[in-house]
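Observations on chain architecture
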Amino acid sequence: MIEGRKEIFQIVFVLVALVFLIKLFAIQVIDDRYAQLAASNSIMKEVDYPFRGLIYDRHGNLLVYNSPEYDLMVVTREVKQLDTARFCEVFDINKDQLLAIFRDLRARKEYSQFKPTVFIRQLSNYDFAKIQENLDEFAGFYIQPRTSRAYETNTMANALGYISEISKTQLDRDSSHIYRQGDYIGQSGIEGYYETTLRGQRGVRYKLRNVKGIEKGRFKNGEFDTLSVPGQNLITTIDAELQRYGEKLMKGKVGSVVAIEPSTGEILSFISGPSYDPTMLTGRRFSSNFSLVSNDSTKPLFPRPLMAMYPPGSIFKMVQTLIGLQEGVLSYETRFPCDRSLVNCHNHPNPVNLHGAIQYSCNPYFHQAFRRIINQNKSTNTFTDSRIGLDNWREYVGRFGLGAPLGVDLPGEKGGQMPSSRLYNRIYGEGRWKFSTIYSLSIGQGEMLVTPLQMANLAAIIANKGYFYTPHLIKAIEDGEIDPRFRVRRETDIDSAYFSFVQDAMSDAILGTASRAVIPGIVLCGKTGTAQNPHGADHSVFMAFAPKDNPKIAIAVYVENAGWGGRAAASTASLMIEKYLTGEVKRKALEDYVLKGEFLDRVVRATSTLEAD
Amino acid sequence: MHREEKISTHMDWVTVLLFAVLVTLGWLNVFAAVYDETLHQSIFDLSLNSGRQLMFIAASVIIIIGILLVDMRFYDAAAYLIYGGIMFLLLLVPIIGKEVGGNKAWLGIGSFGVQPSEFAKFATALAVSKFIGTAGFRMDQLRNQVVLFMLIGLPMALIMLQKDTGTALVFTIFVLMFYREGMSPFLILVGLAAAVIFVLTLLVENEFYLYGAIGIALIITIFMGKKKFKRIALLTIGALLLMGVIESVDYIITDVLKPHQQNRIKALINPEADPLGYGWNVTQSKIAIGSGGFAGKGFLKGTQTKFDFVPEQSTDFIFCTIGEEHGWLGSLLVISLFVVLLFRIIYLAERQKSRFARAFGYSVACIFFFHFAINIGMTIGLFPVIGIPLPFFSYGGSSLWGFTILLFILLKLDAHRSQMLQRI
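Nothing here was measured: the structure is a model prediction, and the numbers come from that model. (Residues numbered from 1 in each chain as written. Chains lettered and ligands numbered in written order. Predicted model: local features only at pLDDT ≥ 70, side-chain atom pairs only at ≥ 80, totals over all residues. Heavy atoms only, no water.)

Quick word on the packing of aromatic side chains
As enumerated under the stated definition, the model contains 43 aromatic pairs over all chains in all. Aromatic pair Phe9(A) and Tyr179(B): ring centres 6.5 Å apart, planes at 25°, arrangement stacked. Pair noted here: Phe9(A) is in helix H1 (residues 5-30) and Tyr179(B) is in helix H9 (residues 174-180), and the two residues belong to different chains. Like Phe9(A), the residue Tyr179(B) is buried in the burial classification. For the ring pair Phe19(B) and Phe392(B), a centre distance of 5.2 Å and an interplane angle of 90° mean the geometry is edge-to-face. Of this pair, Phe19(B) sits in helix H2 (residues 13-34) while Phe392(B) is found in the loop between helix H16 (355-379) and helix H17 (397-415), placing the two residues 373 residues apart along the sequence. Phe392(B) shares its class with Phe19(B); the two are buried. An aromatic cluster of three or more residues is present, and its members are Phe9(A), Phe13(A), Tyr179(B), Tyr362(B) and Phe369(B). Here the basic side chain of Arg399(A) rests over the ring of Tyr396(A), its NZ or CZ set 4.9 Å away from the ring centre. The ring of Tyr245(A) has Lys579(A) lying over it, and the distance from NZ or CZ to the ring centre is 5.3 Å. (Phe/Tyr/Trp six-rings, centres within 6.5 Å; stacked < 30°, edge-to-face > 60°. Helix = DSSP H or I, 4+ residues; strand = E, 2+ residues; numbered from the N terminus. Buried < 20%, exposed > 50% of the residue type's maximum accessible area, 1.4 Å probe, protein only. Lys NZ or Arg CZ within 6 Å of the ring centre and 35° of its normal.)

Written as C-alpha cells, this is what we have:
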C-alpha cells in the first residue's frame, strides 16, 4: 500500500519545478513587457536645458544673456504630511494660494501623481537660495533649474522681442516635435525670427531612482546621455549707444526712428515709441506684466518701424523726381508754375526748376510732374493711358523697396501700400479712373502707405545713389552664416547721376525747410515731410543721410501728431546723426528742445510711459 | 575521537555541500538585494543585512556542531520534551513578545529577537515522527490520526494567535508525510479538490457553469462504475459537498478572510486591477523577475529590488533578486538545486532503518518543499502572497537556524542509521 508513494513525491517536486521554470521562461524570456516596465519604474529622464544664444550689439557689447531660474516641481504621490503653515512661511504664500495651486495642479490635463509637475514657476535666484535650505523638509518637492532671459539694457525691446512659454497652438503646430509643454520659445523680434539659431539643443540625462524617486546614480554610466548644445550667439547691427540715445529722444513721443548704414543695409537703431523695458517680460511676473503691456493703449508691444504704415508725405517727392528723370519726362530745368488751385503750397520763389521744387517742396510742381509720369500719351484713351502710366510707375517704386515687405530679419514686417491699377480698378472699376483721380499720390498722400523702415531704406538708396542692401538686424552669427540674401545688392535701375542731383537738392533743402537739422561741419542731406492726419495734428516726417560724400548713416524719423517735419522729426534725426558720426552731441539747446517735446502749440503727448517695476 | 571519526565517515557530504552552496548563494543575494552602488558598501558590513546574515551563518555552523555532538538517541528520546518546550515559548509570544512588522512573532533576547514559530517546525516534526515511530503504531487507526492532527494543530493555532498565517499554513504540509506513512490519500484529494474548486469559483464568473460541470461529472461517474446504492449515495453527497464549497467561497472571502488576505487572493487573480494597491507586491515582483531576461542583468546590477520597488526584497521576495540579476538561467540553477536537495532528502529518508527517522526525513522534505513552492510561486504570481521565507536564501536568523536544524538532525540520524537498527 505504501509502495510507490516515494515516486509520487518525486513527481510532485519535479512538476512544481517545471511549472515554475515554464512560468519564469514566459515572463523573463518571452514577454518583454516586464523589461520595459522595469525601465519606466526606475529610469528617470532629466532634461538638460540648453543655454539660449547671447545677443550682442555691433561693437560686441552684451545686450541679452541668460540668468538661472528655478521651477519648483512636485511629485504629489510623494508628498506626505505636508506642514502647510511651514510651507507657506518658507515659500512666502498664503494658505488659500497654496490650496489654489494644488487645485490647478490636479485640474491640468497632463497631471499625474507620479510625474514631476511644476508647482511654482520661475523662482528667482534669491527665492531659490532661501528655499533650498529648507527644501528637505518637504518630501516630494524638487528644484528644476533652467534659464530665463536677462538684459544688459532697458532699450531695444521691440527689436529684441521676448520669449515665453510655448502656447498650446504653437505646440500643436510644431511638426518637428522639438518643443514640449512648458518650453520657452521666442515670440517676437530677434528672439522670434532667430528662434532656431538661438534655442540650441536640449540634452538628456538618464538617472536611476528608487521607489521614492531618489536619485541612485546614472543609467549605464551615462552611455545614453546627451549633452545640451548651447544656442548660437548673435551679433546685431544695432549700435547700443545710438539706440539708447534715440530712445531717450523719443521718450514720451509716439513714432519711430530707424537708422541704416547705407553701404551694408545694417540697421543701426530701431526705435519704436513708446516701448517697454524688456526685463518686464521675464521671470515670474511675465504674465501680469504681459497683460499690462499688451493692454496699454499706447501699444508698447507694437513694433512701429515694421508694422506702422503712414503716408510718406513730401519725402516721396524724391522718388517722383527720380522716376520722372529716368523716364525722361522731367529735366533739371523743367519748370512748373506754383498753381495752388488743386494742391496747396507755401510761399517760395515762383516758378522754380526741379532743384528748387525739391528745395522748397513745391506741391503743385510735383502734381504737374506726376501727371507727366502717368500720362505719357501711350494711349489715346486717357483712362488707358493713366493705367499704363501708373503700372509703369508702380514698377519703379517697387524697386525702391516700397509696396512690399523689404524682407528684414524680424517677424511681422508690413509692406506698406503702393497702389497699382489693380487697386484702383477694384475701387472705381476698370476704365473709370484717370490721373485726376489719383493725383494725391504725387505728394506722397492718398492710397499710399510706407513703413518707417521703408523710409529709412529710401534714404539709404539715395545715399547709395541707386541701390540698397536688404535692411537687417543681425550682423553675424557665431559659428554660422547670416542669410546670403542680406549681401545681395538690390538695384533701382535709375541713373546714379540723377541721385547726385537729388542729393544736391536735399542738402540745400534743409537750409530752408529744416534749418534745425544743420550740423556744423557735416554736410547733411535731408527732406522734411508733414503727413496730413485727418484725426488730429499732422505727423512729423524727416528722412536724411550724412555725410553727403561717403554716407555713413541714413535715417528716417516719424513722430506722430508732432506737426511740422522740420521741427520734431528733423531735430531728432539731426541729433542722431551728430551722435553717430561724432560720438557726442554738442547742440545741447536742440537736444533740450527735442527732450521737452513741445513741438506744437497744443501738446499731444503719449498718454503713458511704462517703466519696469 | 572515535565517535567523531565515525560521524565524518558516515555524514552525507552531498547534502552538506548542497547546504553550503545554497547558504552562500543566499548570502550573496541578500547583499545584492539592498546593494547601493553609490555608497561603496562591503558585503561584510554589519550595518547591512548581508553582514548580519554572515553572522547568522556563522551561528548556524555552531548549531550544526552542537547537533552533531549530541547523542543521536537524544532526538528520539527528547522529542516530546522539545515539542512541549517550544509550544510553551509559542504560548509566551503573544504575552511577552515584541511586535515586528505587524506580526507579534518575536521573543526578545537582548537586542536580538528570535521567532519561536521557526523552531516549532522541527519540534513538531520530531514529535510527529516520534509518535509515528512508536512501536505498534498503525496509521489507519482513527485515534492515531486524531493525535497526529492535534500535534500539528496545536502549533498552528498558537501561531495563528500571532497573526502569522503564512507560517501556520506550513504545518498543513505534514499531511503529505502522513500520506507517505500510510494515511489514505482521500483527505489530500478532498483538500486538493476543495482548493481547486475554490480557485475556479474565483476565476469563473458564473457559478452555474461549475454546478453544471459537477452535475455532469457526477452522472458520468455513476454510469461508469457499479450501480450500487451505497456508491451512488456517496458520490451524490460528495458532489453536494463540492457545491457547498462553491456556495461558501463568497462567505469565506468576505467574512472569514481579513481584508489584506482577501486582497492577496484578488491580486493573484488579477494583479493589474490595482497595481498600486493590493497588486503592488505581485506586480513589482513580476516586473523585477521578468526584467531579468534570459541571462539576467548581472550581479549587483539589478534596479527593481535594490531600489525598493519590490517590498521585503531581502526576506520573502529574495527570489526577485535572483530572477532580476541572474535571469532565467539563474532561476533554473536555484530551482534545480532545490529539486536536487529535495530528492536527496527523500533518498536519505528512504534509507533510514527506523520509522522515526524516515518520518522525520519526510517531514524535512515536506517543509522544504512547502517553503520552496509557496515562496517562489508567490513571487511569480502563481500563489497568493503568503509571507514565508525561501530556505537558506531569505535574510533572517531564526528561519536560517530553523532550516539548518531540520536538515542536520536528519543528517545526524542518517549518519547513525545502522545504530538505530541495533537499538530496535
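Overview of the state of the cysteines
Tallying each qualifying case throughout the model produces 0 disulfides over all chains. Among the cysteines around Cys345(A), which has no disulfide bond, Cys338(A) carries the closest sulfur, lying 3.8 Å off. (Disulfide = S-S within 2.5 Å.)

Quick notes on the domain arrangement of chain A
As far as domains go, chain A holds domain 1 (70-148) and domain 2 (240-580). Each of domain 1 of chain A and domain 2 of chain A was reduced to a C-alpha centroid, and the two centroids are 54 Å apart. (Domains from an automatic or database assignment.)

Let's talk about the domain arrangement of chain B
Assigned domains of chain B: these are domain 1 (2-184 + 266-423) and domain 2 (189-256). Each of domain 1 of chain B and domain 2 of chain B has a C-alpha centre, and the two are 34 Å apart.

A short note on the sheet that holds strand E16 (residues 525-531) of chain A
Residue and element names in this part refer to chain A. Strand order in the open sheet formed by 5 strands is E12-E11-E18-E17-E16, and the pairing between neighbours is antiparallel. One side of each edge strand has no neighbouring strand; the edge strands of this open sheet are strand E12 (266-273) and E16. Averaged over neighbouring strand pairs, the angle between their axes works out to 5° when direction is ignored. Pairing between strand E17 (residues 539-546) and strand E18 (residues 553-559): 7 bridges, direction antiparallel. For Ser-540, the partnering residue across the bridge sits in E18 and is Val-559. (Pairing = 2+ DSSP bridges. Axes fitted to C-alpha atoms, helices over the stretch in contact; angles between N-to-C directions.)

Remarks on the interface of chain B and chain A
Interfaces are often sized by the accessible area lost when the parts come together. Of the residues lining the interface, 50 residues belong to chain B; the matching set on chain A comes to 37 residues. Across the interface of chain B and chain A, roughly 3,800 Å² is buried in total on both sides, 75% from carbon and sulfur atoms. Ranking the residues of chain B by area buried against chain A places Tyr179(B), Phe307(B) and Trp328(B) at the top, with a combined share of 16%. Taken together, the links from chain B to chain A amount to 0 salt bridges. Linking chain B with chain A are 6 residue pairs in polar contact (both at pLDDT 80 or more). Elements represented by at least two residues in the side of chain B that touches chain A include exactly H9, helix H14 (280-290), helix H15 (318-350) and H16 of chain B. (Contact = heavy atoms within 4.5 Å. Buried area = accessible area lost by both parts, 1.4 Å probe. Salt bridge = Lys/Arg side-chain N within 4 Å of Asp/Glu carboxyl O. Polar contact = N/O pair within 3.5 Å; in protein donor to acceptor, adjacent residues only side chain to side chain.)

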